[in-house]
Amino acid sequence: MAINTALLGELKNESANTRKIIERIPTEKLDWRPHEKSMTIGALATHIANLPVWISRIINAEGFNFASLESNEKKETTEAILEQLTKKLNEAEQALTAATSDELFKSTWTVSRNDQVLYQLPKIVAIRSFAFNHIYHHRGQLSVYLR
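Note that the structure is predicted; figures quoted are calculated from it, not measured.

Visitor: Honestly, the overall build of the chain in this entry has me stumped. Any pointers?
Guide: Scanning the chain for helices and strands turns up six helices and three strands. Each helix and strand of the chain, placed in order from N terminus to C terminus, yields the pattern α-α-α-β-α-α-β-β-α. Relative to the globule expectation of 15 Å for 147 residues, the C-alpha radius of gyration of the chain, 16 Å, shows essentially globular dimensions. On the principal axes, the C-alpha backbone points of the chain span a range of 45 × 35 × 20 Å. Residues counted as buried form 41% of the 147 residues belonging to the chain. Expressed as a percentage of contacts within the chain between residues at least 6 apart in sequence, the contacts between residues at least 24 apart total 75%.

Here you go:
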């Protein structure tokens with residue numbers, strides 16, 4: 001099985017679980033937080049909705065410079081967060097579908113801040129870490145918020 005096919009299957013399967021948990025957030029509770037130092041439930045859900053962007057970023061570039069990172073805009077409703085999730089998942093699916101070379105996923109992706117290289121790793125490892133595992137981690141965190 002091609003690497004992109006395996007990643008695409010996992011993305012589609014897991015995105016259904018991510019969507020289910022975000023759907024359960026009441027819009028009127030988006031500003032709720034479990035602790036003053038915690039993100040609001042709306043900010044956490046928006047962060048999760050934006051995480052699939054890492055898939056296309058990793059596939060389509062040789063690296064990423066954290067100095068260029070932009071913050072996520074605040075979403076006012078659960079529906080808007082779900083729309084953002086759908087948009088970012090569609091972009092990720094398109095990038096994975098187009099990336100048919102296993103060699104692409106084995107190529108090196110570099111993470112830097114300004115001129116300082118922080119680390120380099122194969123793109124498949126970066127996708128698993130920056131996108132998939134990151135989503136799963138925060139989805140678990142969101143499930144605790146919803147208790």
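Visitor: Would you mind going over the pattern of salt bridges with me for this structure?
Guide: Opposite charge on two side chains permits them to pair, given that their charged atoms come into close proximity. A complete count under the given rule lists six salt bridges for this structure. Put simply, arginine 128 and glutamate 10 hold a salt bridge, and the shortest N to O gap is 2.5 Å. Placement of the pair is arginine 128 in helix 6 (residues 123-145) and glutamate 10 in helix 1 (residues 3-23), with a sequence separation of 118 residues.

Visitor: Would you mind showing me how to read the packing of helix 3 (residues 53-60) against helix 6 here?
Guide: Working note: a packed helix pair is described by the angle between its axes plus the distance between those axes. Running from N to C, helix 3 and helix 6 point in directions that differ by 160°, and their axes come no closer than 8 Å. The angle between helix 3 and helix 6 places the two elements in the roughly antiparallel class. Viewed along their axes, helix 3 and helix 6 form a crossing whose handedness is right-handed. Across the interface between the two elements, Trp54, Ile55, Ile58 and Ile59 from helix 3 touch Lys123, Ala126, Ile127, Phe130, Ala131 and Phe132 from helix 6. For the contact of helix 3 with helix 6, the residue count by class is nine nonpolar, no polar and one charged.

Visitor: Just checking my understanding: could you explain the packing of aromatic side chains for this structure?
Guide: Aromatic ring pairs: the centre-centre distance and the angle between the two ring planes describe each pair. Applying the stated criterion to the full structure yields ten aromatic pairs. Seen in terms of ring centroids, tyrosine 119 and phenylalanine 130 are 6.3 Å apart; in terms of plane orientation they differ by 45°. Their pairing is tilted. Placement of tyrosine 119 in strand 3 (residues 116-122) and of phenylalanine 130 in helix 6 is noted, with a sequence separation of eleven residues between them. Residue tyrosine 119 is classed as partly exposed on the basis of its relative accessible area of 37%.

Visitor: Sorry if this is basic, but what is going on with helix 4 (residues 78-98) here?
Guide: If you check helix 4, its first and last C-alpha atoms are 30 Å apart, about what 21 residues at 1.5 Å a residue would give, namely 30 Å. In this structure, the buried side of helix 4 is in contact with helix 1, helix 2 (41-50), helix 3 and helix 5 (102-106).

Calculation rules
Residues numbered from 1 in each chain as written. Predicted model: local features only at pLDDT ≥ 70, side-chain atom pairs only at ≥ 80, totals over all residues. Heavy atoms only, no water. Helix = DSSP H or I, 4+ residues; strand = E, 2+ residues; numbered from the N terminus. Rg over C-alpha atoms; globule rule 2.2 N^0.38 Å. Buried < 20%, exposed > 50% of the residue type's maximum accessible area, 1.4 Å probe, protein only. Contact = heavy atoms within 4.5 Å. Salt bridge = Lys/Arg side-chain N within 4 Å of Asp/Glu carboxyl O. Axes fitted to C-alpha atoms, helices over the stretch in contact; angles between N-to-C directions. Parallel < 35°, antiparallel > 145°, perpendicular 65-115°, else oblique. Left-handed = near helix turned anticlockwise from the far one by under 90°. Nonpolar A, V, L, I, M, F, W, Y, C, P; charged D, E, K, R; others polar. Phe/Tyr/Trp six-rings, centres within 6.5 Å; stacked < 30°, edge-to-face > 60°. Expected span 1.5 Å × (residues − 1).

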